[in-house]
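# Topology and contacts: notes
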Amino acid sequence: MQSEQIRAAKAEPAAPKRAAKWQSPLAYLRRLQSATGLIGLIILAAIISPRANDGSVVFFQVGNITDIIRQVSEIGIIALGMTYVILSGGIDLSVGSTLALSASITAMLLMRWSPGFGFAEHIVLAVAAALGASAAIGFVTGLVISRLNIQPFVVTLATMIGVRGFARWLTSNTNIDFGFGQDVSAVFSNVGSHKPVVIGTLAVLALIFAFVLGRTVFGRYVRAIGDNEKAAAYAGVPIARVKAWVYTLCGLLAGLAGVIHAAQCHQGNPNDGVAYELEAIAAVVIGGTSLSGGKGSIGGTILGTLIMGILTNILRLKMVDTNVEFMIKAVIIVLAVWAQSRGKPS
Amino acid sequence: MQLPEEWRVNPLLRVEGVSKRYGGVCALDGVSMEVAPGDVHALIGGNGAGKSTLSKVIAGVVRPDAGRILLDGKPATIRSPLDAQRHGIGIIFQELDLFTSLTVAENVAIRNVHVEKSWLVNSAALDGFCRPFLDQVGFHLPSSTRVEELSIGQMQLVAIARALSMGARLILMDEPTSSLSEDDVDRLFGLIRSLGRNGVSVVYVSHRMQEILRIADRITVLRDGRYVGTRSAADVTPEAIIAMMVGAELAQTVHAASHRTDRVLLTVRNLSSAKLKGISFDVRAGEVLGIAGLVGAGRSELGAALFGLDPTAAGTVSIGGRDNVPPSPREAIARGLGLVPEDRKLQGLMMQMSVKENSTLSILPELAVAGLVDGRQEVSRSAGVLQRMALKAASYDAVVSSLSGGNQQKVLLSRWLLVDPDVLFLDEPTRGIDVSAKEDVYGVIEELARSGKGVILVSSELPELLRCSDRIMVLHEGRVTGMLESSEATQEKIMALATCSAEHANGEPQIAE
């Protein structure tokens, strides 16, 4: 027994003393990497941005800044739901298809359905139907993943293909263009693409999702499952239920992004949203959320979204070829994830 | 230690002063042993004695920190399993490392590239190469049979044939009989003897005392990573070996005052699963029921079955007004069961979450109003229990991975103290933690018992079991082989029941293998 105790005593050095409270500025920057990245990018943008005729920096014009946010809002909204999915240790490849389906449903109901009551009710019903369908897709995806215990990658890959097919079949693979003037679709498109509406939706959703993640039982469960699903099961966390909710929310947000997409594009196109899942995942990952789950934040995802948006913006202001833009983004994604994985115990 | 002269002169394998540390834990501490040509040499010891580490060192899987290995009297550098093979050491792992979708011949010849001069597979040449070895081990099916179609016993023969084909002079077998039928065991033992007659040595690692006495020429006992002694199997008794396994420290452990009452909290009857065979026991209010057994005896599996983690479990588990096996951990918790798992990193803690969040995870709904966690209540509830546990952490918001093992274990225990189940199953709660943290854990066990809870304590450290338990249930290969009152329990009795050596079983149910 005694030898046992000595052995054990050697085995456990005392808990390492926490380093003093002071952190070097470098360490501080490292901790807030995506914020640092964003600031660096803004400075870079200020330097290389073209000047307007009056000498002001084009990048910092209010119109340009709000344009950036509006441009990233669809990806940003999707990325919020994607953050939950990735935090829970999963992935959702189906969001691009869901966006297309949602946009198509919205357009169909606005253009091909004349319910005979007011515009407001008509729009609300059309949007509700699109959101309901999107949430239902997410819910079924979540059920299959948690109950049948199939890898999220495989399940959502199937959903991605299936939902795309469904959207095309539903619309006979045609664009549904919105009308003009006093048409209900034109009214919807005007409201739904209004900058304050688009940016406000993203902002409000980001706040809600950050709050739910940080303060609710559900948010805690999401992180616990992603951190250690086995331990979560031992602790009595209702894993299947939480996962079903996570994918339902992700589907719902993809649907909402689809509604906004339809408004902004003035049409419902069943072929839109291709590769949106990848852009959303990139934003989440650049924001510091670990693909292995458990670690990450909504704030990071918003930063990641803005980084991608600003990058696109300055490259386009500089008239950089779109294909070159893709290559630069590829490098940025790898660099961001590499920088965040450095110096951390695996 | 007296060794036969001819053996001392001519050992095939000689291990000298081998030590190995894992982090701070000393798995092997200056272990020496010798194996003569043709010797069947058993390696035995309790949990954590160092048997498997020593086998891994010999097999080249683990590199020792100190000491050396001599073959035929010459120092041999064994840096990898491949090196070991070159030196004529073959290993038969418990989990056979055969390629199940390849044929028997392909498996036997897998590393003998010289069989095939051309890159086309010539099955006749393969068979010609394998047949003598397959005949030697008594494997008579066509060598073109796929391994996945074989029984475990046949696979083992193939693995041995492969070792022989690589020129093995020493074959190391780790628990080779654990999943064999009695016929297969007989066949294997016949083969081991014939190997011995042909000058091939066998190092036989096992828990099963009777098998060891039946097959081994010599028996080496390890304890706590140290060499205890080597005996000739012909003139040793099971009692003597158990005494060596347990050690001379017979100082009576002070048993904690009993708080046992007559009120039964948990009744288990005929609980069976893939790894459990008809387990029955009761846990009373205020009782600490110790569970002893060697690795693989089914101790953790019992916890998993009780806690709804094993869908194959069937039987009666009466607690919280229900009599069936809980279908899920959630249901088990609802009925008043708790489980502190063996592996706190894998099954217990969320390493990236904070101390506070880890401690309150299982009572979050209690702390929430309309799904919203009440931060103040969470802080006060977790701080209360964490202070009682004397948890040392920079702050309760510190990430759990920054804590020492003992403090991590305290966080996990805190989670269950907050849940406050009627019966708490503790699986190796003091493994890998320091002495003072161990005392704190014993304090928690004592406190739970005093407050009328039931505790099931699984431990590989017998003094710990003797100290904390009111009764000790001994498991061997999924069965209960004994139930000892703490007053009558000794390390020797427990070890005898755990290794299932007949003389010590005192009329308790015997294992009919």
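Residues numbered from 1 in each chain as written. Chains lettered and ligands numbered in written order. Predicted model: local features only at pLDDT ≥ 70, side-chain atom pairs only at ≥ 80, totals over all residues.

## Remarks on the overall build of chain A
Threshold: Numbering goes from the N terminus for both helices and strands, where a helix is a DSSP run of H or I of at least four residues and a strand is a run of E of at least two. Residues with at least 20 other C-beta atoms within 10 Å of their own are called buried, those with 12 or fewer are called exposed, and the rest are partly exposed. The C-beta atoms themselves are positioned from the backbone. Our contact criterion uses C-beta atoms placed from the backbone: two residues qualify when those atoms are within 7 Å.
Counting its regular elements, chain A contains 15 helices and 2 strands. Classification of the 346 residues of chain A by burial places 47% in the buried group. At a minimum sequence separation of 6, the contacts of chain A that also span at least 24 residues come to 79%.

## Looking at the sheet that holds strand β19 (residues 454–458) of chain B
Residues and elements named next belong to chain B. Using the following cut-off: Two strands pair if DSSP finds at least two bridges between them. Orientation is described by axes fitted as lines to C-alpha atoms, over the contacting stretch for helices, and by angles from 0 to 180 degrees between their N-to-C directions.
Read across the sheet, 6 strands follow the order β15-β18-β19-β13-β20-β21 without closing on themselves; strand pairing throughout is mixed. Each of the sheet's edge strands pairs with one partner strand only, and the pair in question is β15 (337–340) and β21 (479–485). Across the sheet, the mean angle separating the axes of adjacent strands is 20° when strand polarity is ignored. Sheet analysis places strand β13 (residues 288–292) next to strand β20 (residues 471–476), joined by 4 bridges and oriented parallel. Of the residues in β20, the one forming a bridge with Ala292 is Val474. Across the sheet, helix α16 (residues 405–419) is in contact with β15 and β18 (423–427); its angle to β15 comes to roughly 175°. The sheet contacts of helix α17 (residues 435–450) involve β13, β18 and β19, and relative to β19 the element is tilted by about 150°.

## So, the nonpolar core
Our working rule: For this entry, the nonpolar core is defined as buried Ala, Val, Leu, Ile, Met, Phe, Trp, Tyr and Cys residues connected by C-beta atoms within 7 Å.
By size, the foremost hydrophobic cluster in this structure holds 244 residues, and its most contacted members are Ile78 of chain A together with Ala161, Ile171 and Leu457 of chain B. Ranked by residue count, the leading element in this core is helix α12 (residues 239–265) of chain A, at 17 residues. In contact with Ile171 of chain B, not counting residues within four places along its chain, are Gly90, Ile92, Ile160, Ala163, Leu195, Val200 and Val202 of chain B.

## Remarks on the domain arrangement of chain B
Residue and element names in this part refer to chain B. Test applied: The start and end points of each domain follow an automatic or database-based domain assignment.
When the domains of chain B are assigned, the result is domain 1 (5–246) and domain 2 (264–504). Taking the mean C-alpha position of each, domain 1 and domain 2 sit 36 Å from one another. With 14 residues of domain 1 in contact, the opposing surface of domain 2 contributes 15 residues. Those elements that provide at least two residues to the side of domain 1 that touches domain 2 are α8 (209–215) and α9 (238–246). Here the side of domain 1 that touches domain 2 gets 5 residues from one element, more than from any other, and that element is α9.

## Focus: the packing of helix α3 (residues 33–48) of chain A against helix α14 (residues 298–317) of chain A
Residue and element names in this part refer to chain A. Using the following cut-off: Relative orientations are named as follows: roughly parallel for angles under 35 degrees, roughly antiparallel for angles over 145 degrees, roughly perpendicular for angles from 65 to 115 degrees, and oblique for any other angle. Each crossing is labelled by how the near helix is turned from the far one, with a counterclockwise turn of less than a right angle marking it left-handed and a clockwise turn marking it right-handed. Gly is put with the polar residues, along with every residue not named as nonpolar or charged; the nonpolar set is Ala, Val, Leu, Ile, Met, Phe, Trp, Tyr, Cys and Pro, and the charged set is Asp, Glu, Lys and Arg.
Two elements in contact, α3 and α14, have axes whose closest approach is 9 Å; the angle formed by their N-to-C orientations is 20°. On the basis of the axis angle, α3 is roughly parallel to α14. Considering the relative orientation of α3 and α14, their crossing is left-handed. In this structure, α3 uses Ser34, Ala35, Gly37, Leu38, Leu41, Ile42, Ala45 and Ile48 to contact α14, whose residues at the interface are Gly300, Leu303, Gly304, Leu306, Ile307, Ile310, Leu311 and Ile314. Across the contact of α3 with α14, the residue classes break down as 12 nonpolar, 4 polar and no charged.

## So, unusual backbone geometry
All names here are of chain A. Even without a glycine there, the phi angle at Ser172 is positive, about 55°. Looking at where Ser172 falls in the secondary structure, it is placed in the loop between α7 (152–170) and β1 (176–177). Notably, Met319 is not glycine yet its phi reads approximately 60°, a positive angle.

## Here's the deal with the sheet that holds strand β8 (residues 201–205) of chain B
Sheet strands line up and pair through hydrogen bonds in the backbone, either parallel or antiparallel. Residue and element names in this part refer to chain B. Taken together, the 6 strands give an open sheet; going across it, the order is β6-β7-β8-β3-β9-β10, and neighbouring strands pair in mixed fashion. Every other strand in the sheet has two partners, leaving β6 (89–92) and β10 (226–232) as the edge strands with one partner each. In this sheet, neighbouring strand axes are inclined to one another by 20° on average, regardless of whether the strands run parallel or antiparallel. Where β6 lies against strand β7 (residues 170–174), 4 bridges are found, and the strand directions are parallel.

## Comments concerning the environment of Glu279 of chain A
Residues and elements named next belong to chain A. Within the element layout of this structure, Glu279 appears in helix α13 (residues 276–286). Glu279 sits in the buried class, given 21 other C-beta atoms within 10 Å. Residue contacts for Glu279: discarding those within four places in its chain leaves Ile75 and Met308.

## Concerning helix α9 (residues 195–215) of chain A
Residue and element names in this part refer to chain A. So the rule is basically this: Each helix should span, by expectation, one fewer than its residue count multiplied by 1.5 Å. The directions from the helix axis to the C-beta atoms are what the arc is built from.
Between its terminal C-alpha atoms α9 stretches 30 Å, which fits the 30 Å expected from 21 residues at 1.5 Å a residue. Three or more residues of α9 are buried, namely Val198, Leu202, Ala206, Phe209 and Leu213. One side of α9 holds all its buried residues, which, seen down the axis, span an arc of 75°. In α9, the exposed positions that point more than 90 degrees away from the buried face belong to Pro196, Gly200, Val204, Leu207 and Ile208.

## Observations concerning the packing of helix α5 (residues 95–111) of chain A against α12 of chain A
All names here are of chain A. α12 packs onto α5 with a crossing angle of 50° between their chain directions and a minimal axis gap of 7 Å. Overall, the two elements α5 and α12 adopt an arrangement that is oblique. As α5 packs across α12, the resulting crossing turns out to be right-handed. Of the residues in α12, those touching α5 at Val95, Thr98, Leu99, Ala100, Leu101, Ser102, Ala103, Thr106 and Ala107 are Cys250, Gly251, Ala254, Gly255, Ala257, Gly258, Val259, His261 and Ala262. In the contact of α5 with α12, the residues fall into 11 nonpolar, 7 polar and no charged.

## Points about the confidence of the model for chain B
The criterion, for reference: Confidence scores per residue from the predictor, reported as pLDDT, run from 0 to 100.
For chain B, per-residue confidence averages 86 on the pLDDT scale, and 92% of positions sit at 70 or higher. This complex was scored by the predictor with a pTM of 0.79 and an ipTM of 0.81.

## A look at the pairing of β8 of chain B
All names here are of chain B. Note the cut-off: Orient the strands so they point away from the viewer; a crossover is then right-handed if the path from the first strand over the helix to the second runs clockwise.
When you tally the buried positions in β8, you get 5 out of 5 residues, the bulk of the element. Burial of the side chains of β8 extends over both faces: Ser201, Val203 and Val205 are buried on one face and Val202 and Tyr204 on the other. Pairing geometry for strand β3 (residues 40–44) and β8, over 4 bridges, is parallel. Pairing of Val40 across the sheet is with Val202, part of β8. Note that β7 and β8 share 5 bridges and pair parallel. Bridge pairing in β8 links Met173 to Tyr204. For the crossover that starts at β7, traverses helix α7 (residues 182–197) and ends in the parallel β8, the hand is right-handed.

## Let's talk about α7 of chain B
Counted at 1.5 Å a residue, the expected span for α7 of chain B with its 16 residues is 22 Å, and the 23 Å between its end C-alpha atoms agrees. Of the residues trailing α7 of chain B, Gly199 of chain B is marked for its positive phi of about 85°.

## Concerning the environment of Val163 of chain A
All names here are of chain A. Examined against the element boundaries, Val163 turns out to sit in helix α7. By the C-beta count within 10 Å, which is 27 here, Val163 ends up buried. Val163 sits 24 residues away from Val187 along the chain, and the two C-alpha atoms are 28 Å apart. Beyond its immediate chain neighbours, meaning those up to four positions away, Val163 contacts Ser94, Ser97, Thr98, Leu101 and Ile137.

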